[in-house]
Amino acid sequence: DAADYLAETDASKKALKARDIYWNHGITKQALGDICNDILAAQRRSAEPPRLLSLAELNAIEPAAVDYLVDGWIGARSSNLISGMPGCGKTLLALDLAYGVATGGKFLGAECRKGKVLIICPDMRLQQTRSYLDRRDFRDGDPVMVIDTDDGKWTLKDLTTLEGWLMHFQPD
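Along each chain, residue indices are assigned from 1 in the same order as the chain's sequence is written. With the structure being a predicted model, the display of local features is reserved for residues of pLDDT at least 70 and the display and counting of side-chain atom pairs for 80 or more, all residues being used for whole-chain, interface and lining totals. Side-chain descriptors were evaluated using all non-hydrogen atoms of the structure, hydrogens and water having been removed beforehand.

**A word on the side chain of Thr149**
- Numbered from the N terminus, helices here are DSSP runs of H or I no shorter than four residues, and strands are runs of E no shorter than two. In this structure, Thr149 sits in the loop between β6 (144–147) and α7 (159–169).
- Buried, partly exposed and exposed residues are distinguished by accessible area as a fraction of the type maximum, computed with a 1.4 Å probe on protein chains only: under 20%, between the cut-offs, and over 50%, respectively. Judged by relative accessible area, which is 7%, Thr149 ranks as buried.
- Identification of polar contacts relies on pairs of N or O atoms within 3.5 Å, with a donor-acceptor requirement for protein atoms, meaning one able to donate a hydrogen and the other able to accept it, and with residues adjacent in sequence counted only if both atoms are side-chain atoms. Polar contacts involving the side chain of Thr149 include one to the main-chain carbonyl oxygen of Cys121, which spans 3.0 Å.
- The contact definition used throughout considers only heavy atoms, calling two residues in contact when any of these lie within 4.5 Å. Dropping the residues within four chain positions of it, Thr149 is found in contact with Ile120, Cys121, Pro122, Met124 and Trp154.

In structure tokens, the structure reads:
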């Protein structure tokens, strides 16, 4: 929705799009501005071709301070991918990570900052997801939302829906 808002050139249509975004996603004018700035910054970054750097070239760059969600492992507001062969434990690892963040506990011995978690497990039934969460001692009051993916309800076509949920819930 924010990308459509940015692309709109007609001022009155743009104002209507903004109103719809505020209403549908429950965000403020400032939040929409921040999202639009993030989109524009990402577009500028993606316009630059990637570079292949040696370690010497990389080490010549001043490192950024990292605000960690999981100390030494995962930066706050970062995108991360867990990849591996089927059945190797990716989902269980991700749920252990989710538990550490949701409770402010530990993940693989590292301190986690308490935060909100959105869980999508498209490779298992909802009852199985519930069993895994129960075994990790998740509680009703934990800041966790789970997307129902049973019976093929979740597909890549639902990315727009996911975008709305992310804007509303704003997981850490």
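There is more to say, and it comes next.
**So, helix α5 (residues 90–103)**
- For α5, which comprises 14 residues, the first-to-last C-alpha distance of 20 Å matches the rise-based estimate of 20 Å (1.5 Å per residue) to within 8%.
- Residues Thr91, Leu95, Leu97, Ala98, Gly100, Val101 and Ala102 constitute the buried set of α5.
- The inward-facing, buried residues of α5 abut β1 (68–70), β2 (74–75), β3 (106–107), β5 (117–120), α6 (126–135) and β6.
- Downstream of α5 by one or two residues, Gly104 has phi in the positive range, about 70°. A helix's residues, less one, multiplied by 1.5 Å, set its expected span.

**What to know about the side chain of Thr129**
- Within the fold, Thr129 resides in helix α6.
- The contact partners of Thr129, leaving out residues within four places of it in the chain, are Cys121, Met124 and Val146.

**Notes on a nonpolar patch on the surface**
- The grouping of Leu53, Leu55, Leu58 and Ile61 at the surface amounts to a nonpolar patch, some 370 Å² of accessible area in total.
- Along the chain, Ile61 turns up in the loop between α4 (55–59) and β1. Patch membership requires more than 30% relative accessible area and the absence of a salt bridge. Residues of like charge join within 9 Å; the nonpolar side chains Val, Leu, Ile, Met, Phe, Trp and Tyr join within 5 Å. Calculation of accessible area relied on Shrake-Rupley with a 1.4 Å probe; when residues are assessed, cover is drawn exclusively from the protein chains displayed. The term salt bridge refers to a pairing of a side-chain nitrogen on Lys or Arg with a carboxyl oxygen on Asp or Glu at a separation within 4 Å.

**Regarding the pattern of salt bridges**
- A full pass over the atoms with the stated rule returns seven salt bridges.
- Between Arg19 and Asp20 there is a salt bridge whose closest N-O contact spans 2.9 Å.
- Classification of Arg19 by relative accessible area gives partly exposed; the value is 47%.
- By relative accessible area, which is 34% here, Asp20 ends up partly exposed.
- Among the ionic pairs, Arg130 bridges to Asp134, the shortest N-O distance being 3.3 Å. Of the two residues, Arg130 and Asp134 both sit in helix α6, four residues apart, roughly one turn of that helix.
- Judged by its relative accessible area of 43%, Asp134 falls in the partly exposed class.

**Here we look at the pairing of β6**
- Pairing between strands is defined by DSSP: at least two bridges between them are needed. Both β5 and β6 contribute to a ladder of four bridges, which runs parallel. Bridged to Ile119 within β6 is Val146.
- By definition, the crossover connecting two strands over a helix is right-handed if that path, from the first strand to the second, turns clockwise as seen with the strands pointing away from the viewer. Each parallel crossover has a hand, and the one from β5 via α6 to β6 is right-handed.

**Some details on the packing of aromatic side chains**
- Aromatic contacts are taken between Phe, Tyr and Trp rings whose centres are within 6.5 Å, Trp giving its six-membered ring; a plane angle under 30 degrees counts as stacked, one over 60 as edge-to-face, and the others as tilted. Here the structure, examined in full by the defined rule, presents two aromatic pairs.
- Centroid distance Trp73 to Phe107: 6.1 Å. Interplanar angle 75°. Geometry classified as edge-to-face. With Trp73 in the loop between β1 and β2 and Phe107 in strand β3, this pair connects stretches of sequence that are 34 residues apart.
- Between the aromatic rings of Tyr99 and Phe138, the centroid separation amounts to 5.1 Å while the plane-to-plane angle is 75°, which identifies the pairing as edge-to-face. In this pair, Tyr99 is assigned in helix α5 and Phe138 in the loop between α6 and β6, connecting sequence segments 39 residues apart.
- The positively charged end of Lys14 is found above the aromatic ring belonging to Tyr5, 4.9 Å away from the centroid. Charge-over-ring contacts are defined here by two conditions on Lys NZ or Arg CZ: a distance within 6 Å of the ring centre and an angle within 35 degrees of the ring normal.

**A look at the nonpolar core**
- We define a nonpolar core as any set of buried Ala, Val, Leu, Ile, Met, Phe, Trp, Tyr and Cys residues linked to one another through side-chain atoms lying within 4.5 Å. Counting residues in each nonpolar core, the largest one holds 18 residues, and the members touching the most others are Val70, Leu97, Val101, Val117, Ile119, Phe138 and Val144.
- Of all the secondary structure elements, the ones that give two or more residues to this core are β1, α5 and β5.
- Per element, the largest residue contribution to this core is five residues, and it comes from α5.
- Sequence-distant contacts of Val144, defined by excluding residues within four places in its chain, comprise Ala102, Val117, Ile119, Phe138 and Phe169.
- Core analysis: the next-biggest nonpolar cluster, separate from the first, contains eight residues, Ala2, Tyr5, Cys36 and Met167 among them.

Read these as geometric descriptors, not functional statements.
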